[in-house]
Every structure is written in structure tokens, then in C-alpha cells.
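# Coordinate analysis (summary)
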Amino acid sequence: MELSYILADPSGNTTAFVLTPVARGSYGPVARQVMAALNAEQVAFIHDGRMDMMGGEFCGNASRSFALWQALHREDGLSLRPFTGEEQVSVRVSGAPRPLDVAIRGREDALYAAIKMPLPLRVLPLTDPALGPVTLVEYPGISHLVLEGRTPDDGDLAAARALLTALNADSGCFGLLYANGSSLRPLVYVRDTDTLIWEASCASGTCAVAAARALAKKTTLELELFQPGGSLTAKAQLQNGQLTALTLDGPVTFPKSGLLRL
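Read on for a plain summary of the structure. (Residues numbered from 1 in each chain as written. Predicted model: local features only at pLDDT ≥ 70, side-chain atom pairs only at ≥ 80, totals over all residues. Heavy atoms only, no water.)

## Some thoughts on the side chain of D128
Secondary-structure assignment places D128 in strand β8 (residues 122-128). Although buried, D128 forms no salt bridge, and the nearest oppositely charged side chain, R150, lies 7.5 Å from it. A distance of 2.9 Å separates the side chain of D128 from the backbone nitrogen of L131, its partner in a polar contact. Ignoring sequence-local partners within four residues, the contact set of D128 consists of V134 and L163. (Helix = DSSP H or I, 4+ residues; strand = E, 2+ residues; numbered from the N terminus. Buried < 20%, exposed > 50% of the residue type's maximum accessible area, 1.4 Å probe, protein only. Lys, Arg positive; Asp, Glu negative; His and termini not counted. Salt bridge = Lys/Arg side-chain N within 4 Å of Asp/Glu carboxyl O. Polar contact = N/O pair within 3.5 Å; in protein donor to acceptor, adjacent residues only side chain to side chain. Contact = heavy atoms within 4.5 Å.)

What follows is the structure, given as C-alpha cells:
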């Protein structure tokens, strides 16, 4: 099998976009091979003007990158045209029930994309016997558990699965978000590819932390979270105590592209 691809790097969350059509039933095994060959954290499949993540989940970083690719790619799909200025783009992606708006910017130093994220289905603070204080932030397509000030423990994954099951939350794709002040370490599991990865950055996770903190403080806030691969900035807007908007901003590069033989 020969696949055309372009690799995106949104703050270290390396994402391989597969441009060659792949049957949906083969996403899992193909994604595992592509990740291994390109040393990518995740894989997305582009078809008919739409992007599907390897497990059908939602990914803000991949969506931001896809918006730039969709607006700027040349005919071969493997390179982007030069771009300075600003442009509004709408993208259709897995895990989002409707198209998402992305503001792309071209600067001398890099390309940037700010995405209006889907709102969580629910934000639920609670205390778990194994995990301690935790906030569930459930999006369509991915569930996050925000763990403030917690050090990772070997039992956290099993405890997270048990908690998500008890809460009737989606456990097919979930993240454990170890947040400490302005730093974040995201651990993400995807069942369809059976992958558990310490991601270099996580867009939906960054917004989950922003949403959890904003609702806890009952105020709109903007925060920058420093993660192993770089920083991302999220803004959570509240009105009358309700979360009304989430936006996520950060740089994106496209380090390589080509043909991959599997």
C-alpha cells in the first residue's frame, strides 16, 4: 500500500494526515503503521473535504492543522502556498456535530490557527476514591479527566476507566490531564488503535482545563498552558455562570510530506 501524507506539528502534537483514500474499517491498523513509520502521535484521514481522526475522536490540534492545510495546500496536497495575513476557514471533522470556525494567520515566524471549539457535553467536578478531586469534561468524541496538582500513578488508567464507566461517559477515547499551575501533561488513550500516548500537547485537553477552572472560579478566563511540545492558549467565556464559548490558539508547522509505502 502506498499512501500520500503530510505531517503537521501543532505545538508538538505531531499528526500525520493521510491524503490517499483508506477504507474506514482499516483506519485502526493503517494508523498504527503510519504512526510507527513517521513517529507521529496520531493519524487523521482526509476525504471529501472532511477530516476523520484514527479513532473517530475529536482533536482540536488536528482540526487547527487541517484548517491551514485545507486553505493553503497546493494541488498535490503535499505542500502549502505562502501565506501572510488572516483568513476565516470552516472545517468538518470527526467528533464535532457541525462545522467549526478557524481563524488562520500567517506571520513571518510561523502559521497560527485559532479554533472555536465545540462546547463540552458536561463539566462535572467530583471526588473519586482513587483519583481524588477530578473534573470530568466530556466532549463529543472524547472525555477528559482534569487532575489538578496530581502526580501520575500506575493505577490511574484503571481508575479512570472505572470512573468513566460509572459516569456513563465515553471511554473509547479519553485523556488524563495532569495540570499544575501553568503546566499540563496530557495522557491520551484511543481504543480503536489501542494506543496510550503521553502527548506533546493536547488542544481539547487545554480547553478542558480552561473550562474546569473558569466554572470553578465562576469567571471568564484565558490561560496559556506549557506542555512538553510547546504552549497552547485557551479562552473560556462565561455568561450568567454558563460556559458559552471556548477558543484555542497556537502555532502549526508542516515539517515533511511525501509517499509512504506500508
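## Focus on unusual backbone geometry
In this model, N39 sits at a positive phi of 55 degrees, which is unusual for a non-glycine residue. Despite not being glycine, K218 has its phi angle at roughly 60 degrees, a positive value. Tracing the backbone shows K218 in the loop between α4 (203-217) and β14 (221-227).

## Details of the pattern of salt bridges
Summed over the entire model, instances satisfying the criterion amount to 9 salt bridges. Put simply, R24 and D52 hold a salt bridge, and the shortest N to O gap is 3.0 Å. Taken together, the positions of R24 in the loop between β2 (15-18) and α1 (27-38) and D52 in strand β4 (residues 50-53) put the pair 28 residues apart, joining distant regions of the chain. Between D156 and R150 there is a salt bridge, and its shortest N-O distance comes to 2.8 Å. Owing to a relative accessible area of 2%, D156 belongs among the buried residues under this scheme. Within the structure, one salt-bridge network assembled from shared partners comprises R24, R50 and D52.

In short, shape yes, function no, at least from these values alone.
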